[in-house]
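Below are the chains, spelled out letter by letter.
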Amino acid sequence: SVSTTNDNEELAATVTKLKRVLAKEYTSFFNPMVDSWYAPDVTFTDPMTSLSGVDSYRNNVDMLAGRTLMGKILFDGAGINLHSVTGGQIILADETTNTVRVEDIVTRWTLRLTAKVLPWSPEAVFSGVSVYNIAVGGKEGLSITGQTDY
């Protein structure tokens, strides 16, 4: 997106708002998930899963949180502790056209859940990093186009 100083300040304010939305989504275990910040064809990738689309993304989170039938059968007591939300700097992508892009936003978190399906109901604890790819545009002025968990 071609930018001026005013545009960059507005974009920086939108990045700050998106980071607040992500923080709220984590602390509520994505209930609600704020669809307007996600591209319709958003991708999600982690070591076990690869999904595409807002509905698939939401269904995966709802399953982990025990909000779907499958999730209620498999998991109990799920929760996420958010440790940090960083990144999102505005970078000059092309000096000749004065085009900017938004650097990836990175969250650090710990997920806890109990596997009800096993007789001894072990608690699983995963610490991870999510890298959010951000595009200028979309309903909110910025759009999450992908999330990769490590």
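Up top is the structure.
This structure is a prediction, so every number in the text was calculated from the model and none was measured. (Residues numbered from 1 in each chain as written. Predicted model: local features only at pLDDT ≥ 70, side-chain atom pairs only at ≥ 80, totals over all residues. Heavy atoms only, no water.)

### A look at the packing of aromatic side chains
Okay, so step 1: Going through the model one piece at a time under the given rule, you end up with three aromatic pairs.
Okay, so step 2: For the pair tyrosine 38 and tyrosine 57, a centre-to-centre distance of 5.1 Å together with 50° between the ring planes defines the contact as tilted. Residue tyrosine 38 is located in strand β1 (residues 38-45), and its partner tyrosine 57 is located in helix α2 (residues 54-64); the two are separated by 19 residues in the primary sequence.
Okay, so step 3: A residue is classified by how much of its surface remains accessible, and tyrosine 57, at 3% relative accessible area, is buried.
Okay, so step 4: Through a chain of ring-to-ring contacts, the aromatic side chains of Tyr38, Phe44 and Tyr57 assemble into a single cluster. (Phe/Tyr/Trp six-rings, centres within 6.5 Å; stacked < 30°, edge-to-face > 60°. Helix = DSSP H or I, 4+ residues; strand = E, 2+ residues; numbered from the N terminus. Buried < 20%, exposed > 50% of the residue type's maximum accessible area, 1.4 Å probe, protein only.)

### Description of α2
Okay, so step 1: Those residues of α2 that sit buried are Val54, Tyr57, Asn60, Val61 and Asp62.
Okay, so step 2: Directly beyond the C-terminal end of α2, a positive phi value near 80° is found at glycine 66.

### Thoughts on the environment of threonine 27
Okay, so step 1: On the secondary structure map, threonine 27 appears in helix α1 (residues 5-27).
Okay, so step 2: Residue classification places threonine 27 among the exposed positions, given a relative accessible area of 63%.
Okay, so step 3: Sequence spacing of threonine 27 and aspartate 104 is 77 residues, and the spatial spacing of their C-alpha atoms is 20 Å.
Okay, so step 4: Among the polar contacts listed, one links the side chain of threonine 27 to the backbone oxygen of lysine 24, at a separation of 3.1 Å. (Polar contact = N/O pair within 3.5 Å; in protein donor to acceptor, adjacent residues only side chain to side chain.)

In short, shape yes, function no, at least from these values alone.
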